[in-house]
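Spelled out from the first residue to the last, the chains are:
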Amino acid sequence: MKLWEFTGHELLEKLAHQEITQEEILGALDKRREEVEPKVKAFLRFEKTPGPENLSGPGGFQGLPIAVKDNICIKNRPVTCASRILEGFHPPYDATVIQKLKAAGFSIYGQTNMDEFAFGSSCENSSYFPTRNPWNLECVPGGSSGGSAAAVACGEAIWALGSDTGGSIRQPASFCGVVGLKPTYGRVSRYGLIAFASSLDQIGPFARDIEDCSLLLKVIAGYDPKDSTSANLSVPDFLLSLGKDIKGIKIGVPKEYFSLSADRALEGIAQEVKQALEEAIEQLKKLGAKVQEVSLPHTEYAVSVYYILATAEASSNLARFDGVQYGLRTEAVDNLTEMYKRTRQAGFGSEAKRRIMLGTYCLSHGYYEAYYLRALKVRALIANDFADVFKDFDCLITPTSPTPAFKLGEKIQNPLAMYLSDIYTISINLAGLPAISIPCGFSSGGLPIGMQIIAGSFDEEMLFRVAHCYEDSTSWHKMRPKI
Amino acid sequence: MAISKNDALRVAHLARIDLTEDELRLFARQLESIIEFIDKLKELDVSSVSPAAHTPVLKNVLRPDTIKDSLSKEAVLGNAPKSLKGHFLVPKVIE
């Protein structure tokens, strides 16, 4: 087994036993990166391998490298959200999660590719280049945090951070065969995360197994006065949730997620995904969980609600990119309005423009009540569906995505089909709940399939408990792409 | 609901984006099909539902009104495409 194939906690143990050195680990990852990065293109930019003086951070992570999605601010390093409009911007401060990573002794290794401003499910909306799926280079890695998922999957990084507004951590984790977690809204500070939809965004971890994922969440979680929506709750020691059995745990399986064809535009759940999930559910039963069908009756409205609220919030958040305070400015205009309009025309890519247009339309005079206000009300109904189910159940199991990774170019011309590929993940953001995607099988074409576990508000411990018990009894998480 | 190129132009002006003719035509068509899809929400009776702008049960979050360190003027203006004498510089607003 090569060094890049080990998980973070395995490497930390080897370091503790002085079986390897930090230099050996970093050297192995550098070599791995040179081999695979030209094919996968997970990163927008790298930091030179940190020197030995950076390797003994106080928090115990010993300089192990982590990749960070390019929408999280790192002081004095470029950040672009994979957009041209932020060219030249160097944040004058660290995001709270970055301060925490630095304090814990991580090396911030590089910044990963994404769909522009996190608008997309395939990483094809990057203004720079698409990232490819390490399991099949003709396929997308998912999105929007596709670069982070791909980097962890192919061994370029041990951990990564992403952000999840409607599935942007979980869906690429599922497509790339790694673990990805969206924490409860308010669990992790959003200070320094460049906003897409402020009521939905959360930063979360990518890792290759549950233990690594729980270690990283523990580092980044916690109350932050700089984010007024962050929750003033103590952060549990998630490691204590690992290694417990799940006898008697009550798991709900939402029937709508398995029958749904959502719309004419969507083919519905792929047979192979359905089969992998059924096998995973059988496994959970063997482990002693009590599994029962449940209903989330407003599921079919989630995509509509999401694309109204997320674009409305995005159109408002992206109003700040106007050529005045930072980033791109188009010159040679003689009045302010023209400067705004031409700068934004030149700086935003196609999907960003489409979403700003949709959001502006839904918020504009005469449509606000019909779309935005109505969507807020249906959001309450969707959140209530979950609240009702969690009165009787500990967690829910669903597919993460209706299909395994699709091919590059397959959906890029059809925005609605692309939006519908998030169908299983967006309700969770609307309800503010925590959810994790873990590997649970492979398609006949050799592409990973992910299972989503959803828990009640601030019950990440339940996610880790169930996920770790399942992981411990299977070996999907040990598979590595042959690239 | 039909969305014309002129409707798209009005929205693009509100959003301050100087879209091309081709983009206006494309987005008018795509917005129309997306709006047709999201019109599904009109099936539901929501007259007795309160809107949920966000999910946490938070009341107003207040802090003491005390002076704290903030970014220096240099750090803030350092990212501006144009600045002059401690201000952001923009094209003329008033004739």
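No experiment lies behind these values; they were computed from the predicted model shown.

### Focus: the overall build of chain B
Within chain B one finds three helices and two strands. Each helix and strand of chain B, placed in order from N terminus to C terminus, yields the pattern α-α-α-β-β. Here the C-alpha atoms of chain B give a radius of gyration of 22 Å, more than 25% beyond the 12 Å that 2.2 N^0.38 yields for 95 residues. Relative to its full complement of 95 residues, chain B shows a buried share of 16%.

### Quick look at the overall build of chain A
The helix and strand tally for chain A stands at 15 helices and eleven strands. Expected size for 483 residues packed as a compact globule is a radius of gyration near 23 Å; at 21 Å, chain A falls within 12% of this value. Dimensions along the principal axes, computed over C-alpha positions, put chain A at roughly 65 × 55 × 45 Å. The 483 residues of chain A split such that 61% are buried. Taking the contacts inside chain A whose residues are at least 6 apart along the sequence as the reference set, 75% of them involve residues at least 24 apart.

### Section: the domain arrangement of chain A
Interfaces are often described in size by the accessible area the parts lose on coming together. All names here are of chain A. Along its sequence, chain A is carved into domain 1 (3-252 + 392-478) and domain 2 (300-376). Summarising the inter-unit geometry, the C-alpha centres of domain 1 and domain 2 are found 27 Å apart. At the interface, 29 residues of domain 1 touch 22 residues of domain 2. Those elements giving two or more residues to the side of domain 1 that touches domain 2 turn out to be α13 (415-420) and α14 (426-431). Tallied by class, residues from the side of domain 1 that touches domain 2 come to 15 nonpolar, ten polar and four charged.

### With respect to the confidence of the model for chain A
Averaged over all residues, the pLDDT of chain A is 93; the fraction at 70 or higher stands at 96%. A low-confidence stretch, residues 262-266 of chain A stays under pLDDT 50, and its non-local contacts, those more than four residues away or across chains, total twelve contacts.

### A few points about the packing of helix α9 (residues 302-317) of chain A against helix α11 (residues 350-363) of chain A
All names here are of chain A. The interhelical angle for the contact between α9 and α11, taken along N-to-C directions, is 100 degrees, at an axis separation of 7 Å. Considering the angle they form, α9 stands roughly perpendicular to α11. Contacts from Y307, I308, T311, A312, A314 and S315 in α9 reach R355, I356, L358, G359, T360, C362 and L363 in α11. Of the residues in the contact of α9 with α11, the class split is eight nonpolar, four polar and one charged.

### Quick notes on the environment of A:E461
All names here are of chain A. Here E461 lies in helix α15 (residues 460-472). A tally of 18 C-beta atoms within 10 Å means that E461 is categorised as partly exposed. Along the sequence, E461 and L242 sit 219 residues apart, while their C-alpha atoms lie 8.6 Å from each other.

### Notes on the sheet that holds strand β10 (residues 435-442) of chain A
Residue and element names in this part refer to chain A. Pairing in this open sheet of eleven strands is mixed, and the strands run β1-β3-β2-β4-β6-β5-β10-β11-β9-β7-β8 from one edge to the other. The two strands at the open ends of the sheet, each matched to only one other strand, are β1 (43-46) and β8 (290-294). Each strand of the sheet is rotated relative to its neighbour by a mean of 30 degrees, with strand direction disregarded. Each of β1, β2 (65-69), β3 (107-112), β4 (159-164), β5 (179-182) and β6 (202-207) is contacted by helix α4 (residues 146-153), which is oriented at about 155 degrees to β4, the strand it contacts most. Sheet contacts for α15: β5, β9 (395-399), β10 and β11 (448-455); angle to β11, the most-contacted strand, approximately 145 degrees.

### Here's the deal with the interface of chain A and chain B
With 57 residues of chain A in contact, the opposing surface of chain B contributes 43 residues. Looking at the side of chain A that touches chain B, the elements that each hand over two or more residues are α9, α10 (336-347), α11, α12 (368-389) and α13 of chain A. Ranked by residues supplied to the side of chain A that touches chain B, first place goes to α12(A) with ten residues. Considering only residue class, the side of chain A that touches chain B consists of 31 nonpolar, 15 polar and eleven charged.

### Things to note about the nonpolar core
Residues and elements named next belong to chain A. By size, the foremost hydrophobic cluster in this structure holds 168 residues, and its most contacted members are I66 and I453. Among the elements that take part in this core, α9 stands out by supplying ten residues, more than any other. Per-domain counts for this core show at least three residues from each of domain 1 (3-252 + 392-478) and domain 2 (300-376). Beyond its immediate sequence surroundings of up to four residues, I453 is in contact with C395, I397, A435, I436, L463, V466 and A467.

### Focus on unusual backbone geometry
Residue and element names in this part refer to chain A. Omega for the peptide link from G143 to S144 comes to 10 degrees, which places this bond in the cis form. One can find S144 in the loop between β3 and α4. Although it is not a glycine, K41 adopts a positive phi angle of roughly 55 degrees. Secondary-structure assignment places K41 in the loop between α2 (22-40) and β1. In the Ramachandran plot, C81 falls in the positive-phi region, its phi being about 55 degrees despite a non-glycine side chain.

### Details of the packing of helix α6 (residues 210-220) of chain A against α15(A)
All names here are of chain A. Orientation of α6 relative to α15, taken along the N-to-C sense of each, is 160 degrees, at an axis distance of 10 Å. What the angle tells us is that α6 and α15 run roughly antiparallel. By crossing handedness, the relation of α6 to α15 is classed as left-handed. Contacts from I210, S214 and L217 of α6 reach α15 at E460, F464, A467, H468 and E471. In the contact of α6 with α15, the residues fall into four nonpolar, two polar and two charged.

### Describing the environment of A:G456
Residues and elements named next belong to chain A. Looking at where G456 falls in the secondary structure, it is placed in the loop between β11 and α15. The exposure class of G456 is partly exposed, given the 19 C-beta atoms found within 10 Å. Along the chain, G456 and T360 lie 96 residues apart, while their C-alpha atoms are 33 Å from each other. Leaving out residues up to four positions away in the same chain, G456 has contacts with F390 and L433.

### Let's talk about the environment of B:L89
Residues and elements named next belong to chain B. Within the secondary structure, L89 is located in the segment after β2 (87-88). Residues L89 and I35 lie 54 residues apart in sequence; the distance between their C-alpha atoms is 39 Å. In contact with L89, not counting residues within four places along its chain, are K82, S83 and L84.

### A look at the pairing of β11(A)
Residue and element names in this part refer to chain A. When you tally the buried positions in β11, you get eight out of eight residues, the bulk of the element. Burial along β11 is two-sided: P448, G450, Q452 and I454 and I449, M451, I453 and A455, pointing in opposite directions, are all buried. Linkage of β10 to β11, two consecutive antiparallel strands, is achieved through a turn of five residues, within which G446 is found at a positive phi near 85 degrees.

### Digging into α9(A)
Since the α-helix packs 3.6 residues into each turn, any two residues three or four apart lie on the same face. Look at α9(A): 22 Å from first C-alpha to last across 16 residues, which is about the 22 Å you get at 1.5 Å a residue. Burial analysis of α9(A) places 14 of its 16 residues in the buried class, which makes it a mostly covered element.

Conventions used here
Residues numbered from 1 in each chain as written. Chains lettered and ligands numbered in written order. Predicted model: local features only at pLDDT ≥ 70, side-chain atom pairs only at ≥ 80, totals over all residues. Helix = DSSP H or I, 4+ residues; strand = E, 2+ residues; numbered from the N terminus. Rg over C-alpha atoms; globule rule 2.2 N^0.38 Å. Buried ≥ 20, exposed ≤ 12 C-beta atoms within 10 Å, placed from the backbone. Contact = placed C-beta atoms within 7 Å. Domains from an automatic or database assignment. Nonpolar A, V, L, I, M, F, W, Y, C, P; charged D, E, K, R; others polar. pLDDT = per-residue confidence, 0-100. Axes fitted to C-alpha atoms, helices over the stretch in contact; angles between N-to-C directions. Parallel < 35°, antiparallel > 145°, perpendicular 65-115°, else oblique. Pairing = 2+ DSSP bridges. Core = buried A, V, L, I, M, F, W, Y, C linked by C-beta atoms within 7 Å. Left-handed = near helix turned anticlockwise from the far one by under 90°. Expected span 1.5 Å × (residues − 1).

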